[in-house]
Amino acid sequence: MTVQTPVPFSAFKGPEQVAFHRTELSVILSLYGRMVAAGEWRDYGISSLKDVAIFSVFRRTAEHPLYRIEKRPKLRGRQGQYAVIGMDGQILKRGSDLRTVLRVLERKLIRAID
């Protein structure tokens, strides 16, 4: 009979995924709630992939996303790990602070009152 030592749980690592932290999600969902109240956005989706976490914003469910908020930790030292990307794929804002990156979307909330 052979005796084997138990393998620690940390040795069983699944595929690494990038995800939004709770504090990051609270900042994003705060903006999302204000935009829903203004009637601009109606749905969202979250994807956690190997290299990137994506928060997609939709006007209607069956459309392409209006905006994508991406987190790419590998770009932390270069351009910043957060980016807001428009419907056409153009990067609207990129940086290392999520609140400053999301300001580009908050400007769309400010309108003149007639």
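See the structure shown above.
A short tour of the structure in this document, coming up. (Residues numbered from 1 in each chain as written. Predicted model: local features only at pLDDT ≥ 70, side-chain atom pairs only at ≥ 80, totals over all residues. Heavy atoms only, no water.)

### Focus: the overall build of the protein chain
Okay, so step 1: Scanning the protein chain for helices and strands turns up two helices and five strands.
Okay, so step 2: Reading the protein chain from its N terminus to its C terminus gives the helix and strand order α-β-β-β-β-β-α.
Okay, so step 3: A sequence separation of at least 24 residues applies to 33% of the contacts in the protein chain between residues at least 6 apart.
Okay, so step 4: When the accessible surface of the protein chain is split by element, carbon and sulfur atoms take 52% of a total near 8300 Å². (Helix = DSSP H or I, 4+ residues; strand = E, 2+ residues; numbered from the N terminus. Contact = heavy atoms within 4.5 Å. Areas by Shrake-Rupley, 256 points an atom, 1.4 Å probe, with all protein chains shown as cover.)

### Examining the packing of helix H1 (residues 22-37) against helix H2 (residues 98-106)
Okay, so step 1: H2 packs onto H1 with a crossing angle of 10° between their chain directions and a minimal axis gap of 11 Å. Between H1 and H2, the angle falls in the class roughly parallel. For the pair H1 and H2, the crossing hand works out as right-handed. When H1 is examined against H2, the residues Glu24, Val27, Ile28, Leu31, Arg34 and Met35 are found in contact with a partner set consisting of Leu98, Arg99, Leu102, Leu105 and Glu106. (Axes fitted to C-alpha atoms, helices over the stretch in contact; angles between N-to-C directions. Parallel < 35°, antiparallel > 145°, perpendicular 65-115°, else oblique. Left-handed = near helix turned anticlockwise from the far one by under 90°.)

### Re the pattern of salt bridges
Okay, so step 1: Per the stated rule, a full pass over the model turns up five salt bridges.
Okay, so step 2: Between Arg34 and Glu106 there is a salt bridge, with its nearest N and O atoms 3.2 Å apart. Of this pair, Arg34 sits in helix H1 while Glu106 sits in helix H2, and the two are 72 residues apart along the sequence.
Okay, so step 3: On the accessibility criterion, Arg34 (37% relative accessible area) is partly exposed.
Okay, so step 4: Given the relative accessible area of 29%, Glu106 is considered partly exposed.
Okay, so step 5: Of the charged contacts in the structure, one is a salt bridge between Glu70 and Arg68, with a shortest N-O distance of 3.1 Å.
Okay, so step 6: Of the residues examined, Glu70 reaches a relative accessible area of 4% and is grouped as buried.
Okay, so step 7: The class for Arg68 is partly exposed, based on a relative accessible area of 26%.
Okay, so step 8: Several salt bridges share partner residues, and in doing so they unite Arg68, Glu70 and Arg72 into one network. (Salt bridge = Lys/Arg side-chain N within 4 Å of Asp/Glu carboxyl O. Buried < 20%, exposed > 50% of the residue type's maximum accessible area, 1.4 Å probe, protein only.)

### Structural notes on the pairing of strand S5 (residues 91-95)
Okay, so step 1: Note: strand S4 (residues 82-86) against S5, four bridges, orientation antiparallel. Its bridge partner being in S5, Val84 is matched across the sheet by Lys93.
Okay, so step 2: Between S4 and S5, which pair antiparallel in sequence order, lie four residues; one of them, Gly89, sits at a positive phi of approximately 95°. (Pairing = 2+ DSSP bridges.)

### Quick word on the side chain of Ser56
Okay, so step 1: With respect to the element layout, Ser56 can be found in strand S2 (residues 53-58).
Okay, so step 2: Other than its neighbours up to four places away in sequence, Ser56 contacts Asp43, Tyr44, Gly45, Pro65, Tyr67 and Arg68.

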